[in-house]
Amino acid sequence: EAGVAQSPRYKIIEKRQSVAFWCNPISGHATLYWYQQILGQGPKLLIQFQNNGVVDDSQLPKDRFSAERLKGVDSTLKIQPAKLEDSAVYLCASSLRLAGSYEQYFGPGTRLTVT
Amino acid sequence: EDQVTQSPEALRLQEGESSSLNCSYTVSGLRGLFWYRQDPGKGPEFLFTLYSAGEEKEKERLKATLTKKESFLHITAPKPEDSATYLCAVQAAEGGGNKLTFGTGTQLKVEL
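Here the structure is a predicted model, which is why all the values come from computation and not from measurement.

Novice: Help me understand the interface of chain B and chain A, please; the structure alone is not making it clear to me.
Specialist: Interface size is commonly expressed as the accessible area that is lost once the parts come together. Contacts between the two partners involve 22 residues from chain B and, on the opposite side, 26 residues from chain A. In total, chain B and chain A occlude about 1,600 Å² of area from one another, counting both sides; carbon and sulfur atoms represent 51% of this. Area buried by chain B at its contact with chain A is led by Asn98, Lys99 and Phe102 of chain B, which between them contribute 30% of it. For the pair chain B and chain A, the number of links is zero salt bridges. Inspection of the chain B/chain A interface yields seven residue pairs in polar contact (both at pLDDT 80 or more). Elements supplying a minimum of two residues to the side of chain B that touches chain A: strand 4 (30-38), strand 5 (45-50), strand 9 (84-92) and strand 10 (100-102) of chain B. The element that contributes the greatest number of residues to the side of chain B that touches chain A is strand 4 of chain B, accounting for five residues.

Novice: Which parts of the structure should I look at to understand the packing of aromatic side chains?
Specialist: Two aromatic rings are characterised by how far apart their centres lie and by the angle between their planes. Applying the stated criterion across every chain yields a total of ten aromatic pairs over all chains. Aromatic pair Phe106 of chain A and Tyr36 of chain B: ring centres 5.4 Å apart, planes at 90 degrees, arrangement edge-to-face. With Phe106 of chain A in strand 10 (residues 105-106) and Tyr36 of chain B in strand 4, the pair connects residues from two separate chains. Taking relative accessible area as the criterion, Tyr36 of chain B reaches 0% and is therefore assigned buried. A ring pair is formed by Phe106 of chain A and Phe102 of chain B, whose centres lie 6.2 Å apart and whose planes are at 75 degrees; its orientation type is edge-to-face. Taken as a pair, Phe106 of chain A in strand 10 and Phe102 of chain B in strand 10 lie in two separate chains rather than in one. The pair formed by Phe106 of chain A and Phe102 of chain B is uniform in burial state, with each residue classed as buried. Following the ring pairs from residue to residue traces out a cluster consisting of Tyr33, Tyr35, Tyr105 and Phe106 of chain A together with Tyr36, Phe46 and Phe102 of chain B.

About the criteria used
Residues numbered from 1 in each chain as written. Chains lettered and ligands numbered in written order. Predicted model: local features only at pLDDT ≥ 70, side-chain atom pairs only at ≥ 80, totals over all residues. Heavy atoms only, no water. Contact = heavy atoms within 4.5 Å. Buried area = accessible area lost by both parts, 1.4 Å probe. Salt bridge = Lys/Arg side-chain N within 4 Å of Asp/Glu carboxyl O. Polar contact = N/O pair within 3.5 Å; in protein donor to acceptor, adjacent residues only side chain to side chain. Helix = DSSP H or I, 4+ residues; strand = E, 2+ residues; numbered from the N terminus. Phe/Tyr/Trp six-rings, centres within 6.5 Å; stacked < 30°, edge-to-face > 60°. Buried < 20%, exposed > 50% of the residue type's maximum accessible area, 1.4 Å probe, protein only.

Structure follows, in structure tokens:
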């Protein structure tokens, strides 16, 4: 079974530029998550989708971050404009369903460096 | 607010030297406690889910246990390939989402 796919793996941009990340979850997984992991810290949830609807985006900086999952499968996360403090690894994860306690499976992440 | 504290921050072991990693948590009703392994440059890899105090799970040289306030990840006779960062996360029973609140991890190095 294929895992969670993410691209690109690495991205370097200057502050105030925009960037987009792509995620393809495990086939059949209805719930998709985006996490931000700053160096030396654990992942922090940014946004959670159930199919193509948003379940939780309380920790998403909405003035600069946006995310969508239009057809309930792939998702994109965008940052515009980027700040230095956005340098981090952006992890996408998916789980089978929303209800109950289902393990989340993570992709390899996109390492973003903002200069 | 849910909180997870892991200790120690870093641990260096000799091959075969058993030890334990600690995860202390506060959560408004625990739905599940998760252990993940993260290798450099990779995403977290799922290891275990524990649901209630007294529960134990094992996988090869790893054994996870759970009490009402903390979880331990016991590593028996570790090998160099067990070197990684081990992350603990909690999922609260309240609220509609499945948010995981992570600790900062324990960086384990196993030497020959």
